[in-house]
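Chain by chain, the residues:
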Amino acid sequence: MDDDDARLEEVLNEVGPRLRRIRQGRGATLSALSEATGISVSTLSRLEAGRRRPSLELLLPIARAHQVPLDELVGAPHVGDPRVRAKPIVQGNRTMLPLTRQPGGLHAFKIIIQPSPDDDREQRTHEGYEWLYVLAGRLRLRLGEHDVVLGAGEAAEFDTHVPHWFGPAVDGPVEVLSLFGPQGERIHVRARPKAS
């Protein structure tokens, strides 16, 4: 038996005693619960004693009769803290705050870019597709032959195979939301043609 099967068995074994505690805590008898749910007294008794496996057909009417969520009957684990508390990643004048935790798939970052005379404005390419949304400030986006400035509330999307660079358009910082897939993490410098 693997860990998942063992955890499932443990949860199922706890359902009967939990049902008994909830019923007794409400001062209800097996007969009264049977009348409210339409489930026989013997089935309810076997369920509480752990001699009958719980099923949705049995648990839903019991949850309704006790006016409790189904989660309370089965002892579902509490949902963890949903807040993402990732550490900022600082690379030169850029601070990236990861907004997603799951591995693979689409990743979201809040990026704060400070103006810097040392900022490498070399256009780069990589696999994937990127979406940018300007939260505050003004963003300069160089995309292939295009050179555009986006203000707060504006968005851009582009194929990252096209050489691109983005950063502050003015002397102040710019804050951007960026969405991209795992392929977007592998950035490659575009090869320059050899001088003749």
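Criteria and thresholds
- Residues numbered from 1 in each chain as written.
- Predicted model: local features only at pLDDT ≥ 70, side-chain atom pairs only at ≥ 80, totals over all residues.
- Heavy atoms only, no water.
- Buried < 20%, exposed > 50% of the residue type's maximum accessible area, 1.4 Å probe, protein only.
- Helix = DSSP H or I, 4+ residues; strand = E, 2+ residues; numbered from the N terminus.
- Arc of directions from axis to C-beta.
- Contact = heavy atoms within 4.5 Å.
- Polar contact = N/O pair within 3.5 Å; in protein donor to acceptor, adjacent residues only side chain to side chain.
- Phe/Tyr/Trp six-rings, centres within 6.5 Å; stacked < 30°, edge-to-face > 60°.
- Lys NZ or Arg CZ within 6 Å of the ring centre and 35° of its normal.
- Axes fitted to C-alpha atoms, helices over the stretch in contact; angles between N-to-C directions.
- Parallel < 35°, antiparallel > 145°, perpendicular 65-115°, else oblique.
- Left-handed = near helix turned anticlockwise from the far one by under 90°.
- Nonpolar A, V, L, I, M, F, W, Y, C, P; charged D, E, K, R; others polar.

Asks: Could you give an account of helix α3 (residues 41-49), with specific residues and numbers?
Replies: Among the residues of α3, Thr 43, Leu 44, Leu 47 and Glu 48 are the ones counted as buried. All buried residues of α3 lie within an arc of 130° about the axis, which places them on one face of the element. Taken from the residues just after α3, Gly 50 is the one with a positive phi, measuring 85°.

Asks: Can you explain the environment of Asp 159? Please cite residues and give values.
Replies: Mapped onto the fold, Asp 159 is located in strand β8 (residues 155-159). Separated by 16 residues in the primary sequence, Asp 159 and Leu 143 place their C-alpha atoms 9.5 Å from one another. Aside from chain neighbours lying at most four places away, what touches Asp 159 is Gly 128 and Tyr 129. Separated by 2.7 Å, the side chains of Asp 159 and His 161 make a polar contact.

Asks: Would you mind going over the packing of aromatic side chains in detail, with residue names and values included?
Replies: What the rule picks out here adds up to one aromatic pair. Pairing Tyr 129 with Trp 131 gives two aromatic rings, centres 5.2 Å apart and planes at 65°, and the pair type is edge-to-face. A relative accessible area of 35% means that Tyr 129 is categorised as partly exposed. Looking at Arg 94, its charged tip hangs above the ring of Phe 166, at a distance of 5.1 Å from the centre.

Asks: An account of the packing of helix α2 (residues 30-37) against α3 is needed here, citing residue identities and associated values.
Replies: At a minimum axis separation of 9 Å, α2 and α3 run at an interaxial angle of 115°. Accordingly, the angle class assigned to the pair α2 and α3 is roughly perpendicular. In the packing of α2 onto α3, the handedness of the crossing is right-handed. Together, Leu 30, Ser 31, Leu 33, Ser 34 and Thr 37 of α2 and Val 41, Leu 44, Ser 45 and Glu 48 of α3 make up the contact between the two elements. Here the contact of α2 with α3 is built from residues that sort into four nonpolar, four polar and one charged.

In short, shape yes, function no, at least from these values alone.
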